[in-house]
There are 4 protein chains.
Amino acid sequence: MDLSGIYPPIAIPFTQEEAIDFESLHFNLQRWLSEPIDGLVVPGSNSEAAYMSLEERLAVMRVCAQAARAAGKRLIAGTGMETTADTIRLTQAAAELGADAALLLPPYFYKPAMNRAVLTAHYRAVADASPIPLLVYNVPQFTGVAFDNPTLVELAQHEKIAGIKDSSSNIVQMASLKALCPSFQIFAGTGSALLPFLSIGGAGCIAALANFAAAALREVWQAYAAGRNAEAAALQVRLAQINAAVTSTYGVPGLKYAMQRCGYRGGWPRRPLLPLDASGQAAVDALLDALGLAAPNS
Amino acid sequence: MDLSGIYPPIAIPFTQEEAIDFESLHFNLQRWLSEPIDGLVVPGSNSEAAYMSLEERLAVMRVCAQAARAAGKRLIAGTGMETTADTIRLTQAAAELGADAALLLPPYFYKPAMNRAVLTAHYRAVADASPIPLLVYNVPQFTGVAFDNPTLVELAQHEKIAGIKDSSSNIVQMASLKALCPSFQIFAGTGSALLPFLSIGGAGCIAALANFAAAALREVWQAYAAGRNAEAAALQVRLAQINAAVTSTYGVPGLKYAMQRCGYRGGWPRRPLLPLDASGQAAVDALLDALGLAAPNS
Amino acid sequence: MDLSGIYPPIAIPFTQEEAIDFESLHFNLQRWLSEPIDGLVVPGSNSEAAYMSLEERLAVMRVCAQAARAAGKRLIAGTGMETTADTIRLTQAAAELGADAALLLPPYFYKPAMNRAVLTAHYRAVADASPIPLLVYNVPQFTGVAFDNPTLVELAQHEKIAGIKDSSSNIVQMASLKALCPSFQIFAGTGSALLPFLSIGGAGCIAALANFAAAALREVWQAYAAGRNAEAAALQVRLAQINAAVTSTYGVPGLKYAMQRCGYRGGWPRRPLLPLDASGQAAVDALLDALGLAAPNS
Amino acid sequence: MDLSGIYPPIAIPFTQEEAIDFESLHFNLQRWLSEPIDGLVVPGSNSEAAYMSLEERLAVMRVCAQAARAAGKRLIAGTGMETTADTIRLTQAAAELGADAALLLPPYFYKPAMNRAVLTAHYRAVADASPIPLLVYNVPQFTGVAFDNPTLVELAQHEKIAGIKDSSSNIVQMASLKALCPSFQIFAGTGSALLPFLSIGGAGCIAALANFAAAALREVWQAYAAGRNAEAAALQVRLAQINAAVTSTYGVPGLKYAMQRCGYRGGWPRRPLLPLDASGQAAVDALLDALGLAAPNS
């Protein structure tokens, strides 16, 4: 299955009392699904999946799967759990809810034990039991587990393991992986890496930035696809500061604030995450204004 | 509350089908509580807490709290969760079940966001709501979050935050912390660090090794307490290889195998963890035999 | 000064007795300077600069400057030393010998002390005293010092500091840097990153691979420049395995062996580096053969 | 040879023009050699060895060897260089100048290449050629190279390799090493680790703090040796803040300032290191005053 495209790993709005705000989620879904995206990823890192119960994850998947299907877009479900058994159950549940594919964090608590043998046994067991294709999610900044290429090459041999989201932006490793596994679908994990990943045969991006600037990412790709490389570079680079702000610099609280300013409903984060403070807000405001991304009356 | 002492962070036996084996747990509890320990820690890293549901954590706490109380020992409950709200709820539940104190991992998924402001707000919110004293659990090898001393000094000012388990064995940092917060109770997080931690005023250890070699750790402490320092050093150092085997080298599967060999019921780990392989078993056997720790007919 | 282009950071052949083999160096220079490169970088990491005396560094620079000038190519001299004073002296000497620019490692022994204030004071002092433009060399895998963007932006304000070689291949950071400092010249530090760096406005590469496969790198660039992006990606990716072999996998000994097989004179490394062992040789042979890079009778 | 004891790795005073200030060095030597130390280590990390030429290193060794011998103290020479050949030459020269032993940093530029085979070949070649015993210097915070125990056990089998200075303060690793190599002499690399290292059979310390507080370290040891363990702990812990200030917090500039305040001649550091700034001076002043370490009229 060709999954190539641009996907927002969607943020989930919470109320101040830390409950999921489904009304705001529906509001956001209407907007996202009218943007030039290929689908949604949920629940992922930007959805605060780590802060949701299993029931909440399923509830969110259900809502998003229905909305995505109605709009003719794909849904990629985040289903990685700490145990193999839980991961299998959640992946199967996601498939039943209509997910097109699943994106799987590795188990990561026992980092030193997550060697090649353990990781491949885990992913293969899930893939054997999964009705839908899987993407490996490499995000060592959150998991402390970095996939090396021998492990990925072994995983790629399973027919159900279709690709990777590489949030470490390790372009050199990904170039080698592409050489070793030409049909493996390699997604950038952050907006600033879209063009570099495309340049080595990447399949697109799953990027926080696509929560509120999908059209800008689409323009980067279109310029590149048309061979207008200087224009593509310029379009890519001008997104770099806001991309950093909603990822490495301010994280999910920064993303939620930027969404709010762009006409989405950002909502509150769950504690221990704290809402973006005033200086962070000013920085994000300035970046959005410079790009003309803020909504008129936000 | 003076919590000083030697504590096993107990391993939980699972059946081959990955269910909690409560019968084996009861068997083990009888043995542990007849050893020279001051209490139990559960569920902790060595309990595969990260691999248990909330209900399972509560069930295990309940069983252990009853057994500990009956034996006149303390129970320190592992109650750190990813969200502040869940951590408060689990800590309060542990207190109701009779836990004497709680040991709290920090939230750790969004590692880059776990700065001093976020961590102190989280721990203070939990401490404000907790009926029992708290210990901070510093285990960057699993969490990727390392507490610095300014953060710890700030936490130590809360009357409910009584100490730390430092599994990073950062003896230099702990010496500074002891100077800054003389009444803070500092526990070694691994058996090999017991004596070095005692040497700078530490309060004991919470160590995997105490699952099957508590008496040997007690001898180290007694020799030191009596000023027989050369003997203490010799007793401490001879435990170093087996301590490494059941922690950094082979992790929980190594610990479970060693327990089995020493007359406990180790049981299976949950996947993705795999049982100790044959070469690991041979290595652990040799170490246990050299120390005379293996049970006669194991 | 526009320094954009492809540069080999040349390897220096040593005799088995560990002396510089100037005859072989001359032989190699003839070949390099007939390749589609824009100049030479020497002495750099691949030259074993860290293993040369000051006198040797100057001798090598002199030979290479003369050869480069005769061929109408640029020479970029590696002049970073541990002290500010030594770095100034070596940079000035390089300029006198005819270097067009200098590439400067940061001081790196006292890693924790190499903060923004210390690094900017160091580089500015050198830039103030330098007759030629400077490139910052970011190679944390060797130095343990990683430049952040606030430091680089500050350095870029000096008229003599023209760009960076980023061997960390941090494409996301470089995209931000390009946005912040549009005229800063950003060079990939490894062959596999050439195209990704070009895609965000990079200036080329200074890459070990260019010691024996400059033409292949040139083809990547030409395809990209002509907007033949799929072809460029394919050409780039097929170089990934050999690029890894002569950098992260086998280092300088791997590079020297590959050069030897491609008709250059690789020579011996200096100890503690050891010549590539048999299994490494077989791996490099296979990669070179697959690409048709090996010389007929090598 | 039993090298156990307390050693300052001496700081070298430079003039404002960055020349070695031999007069001040002589002044300091008179004071050091009247303190309760067992010898001097020079040139080491605290001597800015990385910032000295080979000639300067030899000149400093010569002066210190003569002074140490006259006082009946040992001299341990820092002789680790990037190449094996240079390290052999400098170690032999140190022996000729009268050094009792040598302390050897590993080669560290090509960090990924410094595997067990390369490190053992290097150290063995030096040991084979050395007339004096060697100590391995493990200081990954500066070198980025961390020795593991299999490598150290292999090195310990050479009759000329007598021990290690472990500035990583990895007490757990050192406990294992002591078990594996009972006669290996293990030195703490920082003052705060003296007592923890002694508690597992360590041989003393080579610590920046001994440049101006050797008597306080000696008191720690004496209390421990007499079995007055609570007193030893208290004496050790009260040194923790000033120890951190002159090592991890402020580095060599902090050490030089503290020496100056304690009646030694600290002198200037070489650039890129900058003299301790005013806020750092105030912090060090407060710590020295609290301990009564500052000289009356400093």
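Not measured: the values here are computed from a predicted model. (Residues numbered from 1 in each chain as written. Chains lettered and ligands numbered in written order. Predicted model: local features only at pLDDT ≥ 70, side-chain atom pairs only at ≥ 80, totals over all residues. Heavy atoms only, no water.)

A look at the sheet that holds strand β6 (residues 161-166) of chain A
Residues and elements named next belong to chain A.
Moving on, step 1. An order of β1-β8-β7-β6-β5-β4-β3-β2 is seen for the 8 strands of this open sheet, with the pairing classed as parallel. In this open sheet, the two strands that pair with only one neighbour each are β1 (5-7) and β2 (39-42). Taking the axes of each pair of neighbouring strands and ignoring which way they run, one obtains an average angle of 25° across the sheet.
Moving on, step 2. Pairing geometry for strand β3 (residues 74-78) and strand β4 (residues 101-104), over 3 bridges, is parallel. Residue pairing for β4: I76 is matched across the bridge by A101. (Pairing = 2+ DSSP bridges. Helix = DSSP H or I, 4+ residues; strand = E, 2+ residues; numbered from the N terminus. Axes fitted to C-alpha atoms, helices over the stretch in contact; angles between N-to-C directions.)

A word on the packing of helix α11 (residues 240-249) of chain B against helix α13 (residues 278-291) of chain B
How two helices sit against one another is set out by the angle between their axes and by the gap between those axes.
All names here are of chain B.
Moving on, step 1. Where α11 contacts α13, the two axes come as close as 9 Å, and the packing angle between them is 145°. For the crossing formed where α11 meets α13, the hand is left-handed. Contacts from Q241, I242 and A245 of α11 reach α13 at V284, L287, L288 and L291.
Moving on, step 2. Residues that form the contact of α11 with α13 fall into these classes: 6 nonpolar, 1 polar and no charged. (Left-handed = near helix turned anticlockwise from the far one by under 90°. Contact = heavy atoms within 4.5 Å. Nonpolar A, V, L, I, M, F, W, Y, C, P; charged D, E, K, R; others polar.)

Digging into the interface of chain A and chain B
Moving on, step 1. Chain A puts 31 residues into the contact, and the matching count from chain B is 31 residues.
Moving on, step 2. For the pair chain A and chain B, the two sides together bury roughly 2800 Å², of which 71% comes from carbon and sulfur.
Moving on, step 3. When the area that chain A buries against chain B is broken down by residue, the three leading residues are F109(A), Y110(A) and F142(A), summing to 27%.
Moving on, step 4. Counting across the chain A and chain B interface gives 0 salt bridges.
Moving on, step 5. Summed over the shared surface of chain A and chain B, the number is 8 residue pairs in polar contact (both at pLDDT 80 or more).
Moving on, step 6. Residues belonging to the side of chain A that touches chain B are distributed by class as follows: 19 nonpolar, 7 polar and 5 charged. (Buried area = accessible area lost by both parts, 1.4 Å probe. Salt bridge = Lys/Arg side-chain N within 4 Å of Asp/Glu carboxyl O. Polar contact = N/O pair within 3.5 Å; in protein donor to acceptor, adjacent residues only side chain to side chain.)

Side note on the relation of the copies chain A and chain C
Moving on, step 1. Taken as rigid bodies, chain A and chain C are interconverted by a rotation of 180° and an axial shift of 0.0 Å, the fit giving an RMSD of 0.0 Å. Such a combination of rotation and displacement between the chain copies is what one expects of a two-fold axis.
Moving on, step 2. Most of the interface of chain A is mirrored in chain C: 100% of its interface residues are interface residues there too. (Least-squares fit on C-alpha atoms with pLDDT ≥ 70 in both.)

Points about the pattern of salt bridges
A side chain with one charge may pair with a side chain of the opposite charge, provided their charged atoms come close.
Moving on, step 1. As enumerated under the stated definition, the model contains 44 salt bridges over all chains in all.
Moving on, step 2. For R265(C), the salt bridge is made with E23(C), and the minimal N-O distance between the two is 3.9 Å. Taken as a pair, R265(C) in the loop between α12 (251-261) and α13 (278-291) and E23(C) in helix α1 (residues 22-32) lie far apart in primary sequence, 242 residues in all.
Moving on, step 3. Here E23(C) falls in the exposed class, since its relative accessible area comes to 62%.
Moving on, step 4. One salt-bridge network, in which partners are shared between bridges, spans R116(A), R124(A) and E154(A). (Buried < 20%, exposed > 50% of the residue type's maximum accessible area, 1.4 Å probe, protein only.)

Some words on the relation of the copies chain A and chain B
Both copies of the chain are related through a single rotation about an axis accompanied by a shift along the same axis.
Moving on, step 1. When chain A is fitted onto chain B, the two copies agree to an RMSD of 0.0 Å after a turn of 180° and an axial shift of 0.0 Å.
Moving on, step 2. Interface residue correspondence from chain A to chain B reaches 100%, placing this contact among same-surface, isologous pairings.

Worth remembering: the numbers are spatial, not functional.
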